[in-house]
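Below, each chain spelled out in residue letters.
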Amino acid sequence: MARDYSNDELLALYAGMLQMDSAPMRRVAVWELGRLGDARGAEQLIHAVVGDPDWECRHYAIMALANAGNEDAAEFLRGLIASGYLSQDGQCAAGPIPDALAAHLAEDIEYSAKCCAGELPRPPESADRHGEWWRRS
């Protein structure tokens with residue numbers, strides 16, 4: 001018989017996964033924090049956005065904030081663009097951002113910020129469109 005886990009248990013599990021050496025496991029953790037949609041996970045997601053050594057994990061964390069972030073997260077996200085986050089030349093743990101990812105991330109940052117600020121509705125998840133749940137594509 002499957003056990004249902006509380007949000008508290010899941011938040012603790014995903015926070016622990018963010019400490020793993022495995023980038024794919026950290027990506028799963030941020031993605032699941034977004035699916036959980038609990039604002040208490042936003043702080044962990046913000047830490048991943050600025051400190052994870054993997055750009056894909058950072059990207060997933062930005063997307064996840066669309067479902068878990070609040071006004072503070074919206075302000076944080078909008079500050080990323082102004083701070084030069086996408087033009088870093090290797091000064092961050094993730095190294096230089098791939099050129100093809102920079103423009104895409106700029107769009108995702110703005111989209112997530114709008115969701116956090118309540119300017120757009122939170123994106124629903126659809127089982128048949130796993131990779132698009134957050135953007136209403």
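Please refer to the structure placed before this passage.
The following paragraphs examine the structure supplied in this document. Counting restarts for each chain, with residues numbered from 1 along the sequence as it is written. This being a predicted model, a pLDDT of at least 70 is required before a residue's local features are given, and a value of 80 or more before pairs of side-chain atoms are given or counted; all residues contribute to the totals for chains, interfaces and linings. Excluding hydrogens and water, the side-chain values take into account all heavy atoms of the structure.

### Concerning the nonpolar core
Within this scheme, the nonpolar core is defined by two criteria: the residues are buried Ala, Val, Leu, Ile, Met, Phe, Trp, Tyr or Cys, and they are joined through side-chain atoms within 4.5 Å. Buried residues are those whose accessible area, probed at 1.4 Å on protein chains only, stays under 20% of the maximum for their type, while exposed residues exceed 50% and partly exposed ones sit between those limits. Counting residues in each nonpolar core, the largest one holds 35 residues, and the members touching the most others are Leu 45, Trp 55, Leu 65, Leu 77 and Tyr 85. Those elements that provide at least two residues to this core are α1 (7-17), α2 (23-36), α3 (42-51), α4 (55-68), α5 (71-82) and α6 (99-116). Here a strand is any run of E in DSSP of at least two residues, a helix any run of H or I of at least four, and the numbering for each starts at the N terminus. When residues of this core are assigned to their parent elements, the largest contribution, 7 residues, is made by α4. For this analysis, residues touch if any pair of their heavy atoms sits within 4.5 Å. Setting aside anything within four residues of it in sequence, one finds Tyr 85 in contact with Val 49, Trp 55, Arg 58, Ile 62, Leu 80 and Ile 109.

### Looking at the side chain of His 59
Here His 59 shows up in helix α4. Contact partners of His 59, with chain neighbours within four places excluded, come to Leu 101, His 104, Leu 105 and Asp 108.

### Details of the environment of Glu 71
Within the secondary structure layout, Glu 71 lies in helix α5. Along the chain, Glu 71 and Cys 115 lie 44 residues apart, while their C-alpha atoms are 9.2 Å from each other.

### A few points about the packing of α2 against α4
Packing of α2 against α4 brings their axes to within 7 Å, and their N-to-C directions diverge by 10°. It follows from the interaxial angle that α2 and α4 lie roughly parallel. Here Arg 26, Arg 27, Val 30, Trp 31, Leu 33 and Gly 34 of α2 lie close against α4, whose contacting residues are Glu 56, Cys 57, Tyr 60, Ala 61, Met 63, Ala 64, Asn 67 and Ala 68. Comment: axis = line fitted to C-alpha atoms, over the contacting stretch for helices; angle = value between 0 and 180 degrees taken between N-to-C directions. Roughly parallel means an angle under 35 degrees; roughly antiparallel, over 145; roughly perpendicular, 65 to 115; everything else is oblique.

### Section: α6
Counted at 1.5 Å a residue, the expected span for α6 with its 18 residues is 26 Å, and the 26 Å between its end C-alpha atoms agrees. Where α6 is concerned, the buried positions are Leu 101, Ala 102, Leu 105, Asp 108, Ile 109, Tyr 111, Ser 112, Ala 113, Cys 115 and Cys 116. Against the buried residues of α6 lie α4 and α5. Of the residues trailing α6, Gly 118 is marked for its positive phi of about 80°. Multiplying one less than the number of residues by 1.5 Å gives the expected span of a helix.

### Regarding the packing of aromatic side chains
Pairing of aromatic rings covers Phe, Tyr and the six-membered ring of Trp, with a centre-to-centre limit of 6.5 Å; geometry is then stacked below 30 degrees between planes, edge-to-face above 60, and tilted otherwise. Inspection of every chain in the model, using the stated rule, returns 2 aromatic pairs. Both rings, one in Trp 55 and one in Tyr 85, keep their centres 5.4 Å apart while their planes meet at 70°; by these two values the pair is edge-to-face. Taken together, the residues Trp 55 in helix α4 and Tyr 85 in the loop between α5 and α6 connect sequence positions 30 residues apart. With a relative accessible area of 3%, Tyr 85 lands in the buried category. Between the NZ or CZ atom of Arg 58 and the centre of the ring of Trp 55, over which it lies, the distance is 5.0 Å. Sitting over a ring, as applied to charges here, requires NZ of Lys or CZ of Arg to be within 6 Å of the ring centre and within 35 degrees of the ring normal.

### Focus on the environment of Ser 83
Along the chain, Ser 83 turns up in the loop between α5 and α6. Classification of Ser 83 by relative accessible area gives exposed; the value is 56%. Here Leu 80 takes part through its backbone oxygen, which lies 2.8 Å from a polar atom of the side chain of Ser 83. Polar contact criterion, stated in full: a pair of N or O atoms within 3.5 Å, where within protein one must be able to donate a hydrogen and the other to accept it, and residues adjacent in sequence count only if both atoms are side-chain atoms.

### Considerations on the packing of α5 against α6
Following both chains from N to C, one finds α5 and α6 inclined at 155°, their axes separated by 8 Å at the closest point. What the angle tells us is that α5 and α6 run roughly antiparallel. α6 is crossed by α5, and the crossing has left-handed handedness. Residues Glu 71, Ala 73, Ala 74, Leu 77, Arg 78, Leu 80 and Ile 81 of α5 lie in contact with α6, whose contacting residues are Ala 106, Ile 109, Glu 110, Ser 112, Ala 113, Lys 114 and Cys 116. The residue makeup of the contact of α5 with α6, split by class, is 9 nonpolar, 1 polar and 4 charged. Should the near helix be turned anticlockwise from the far one by less than a right angle, the crossing is left-handed, and should it be turned clockwise, the crossing is right-handed. The nonpolar class holds Ala, Val, Leu, Ile, Met, Phe, Trp, Tyr, Cys and Pro. Asp, Glu, Lys and Arg form the charged class, and all remaining residues, Gly among them, are polar.

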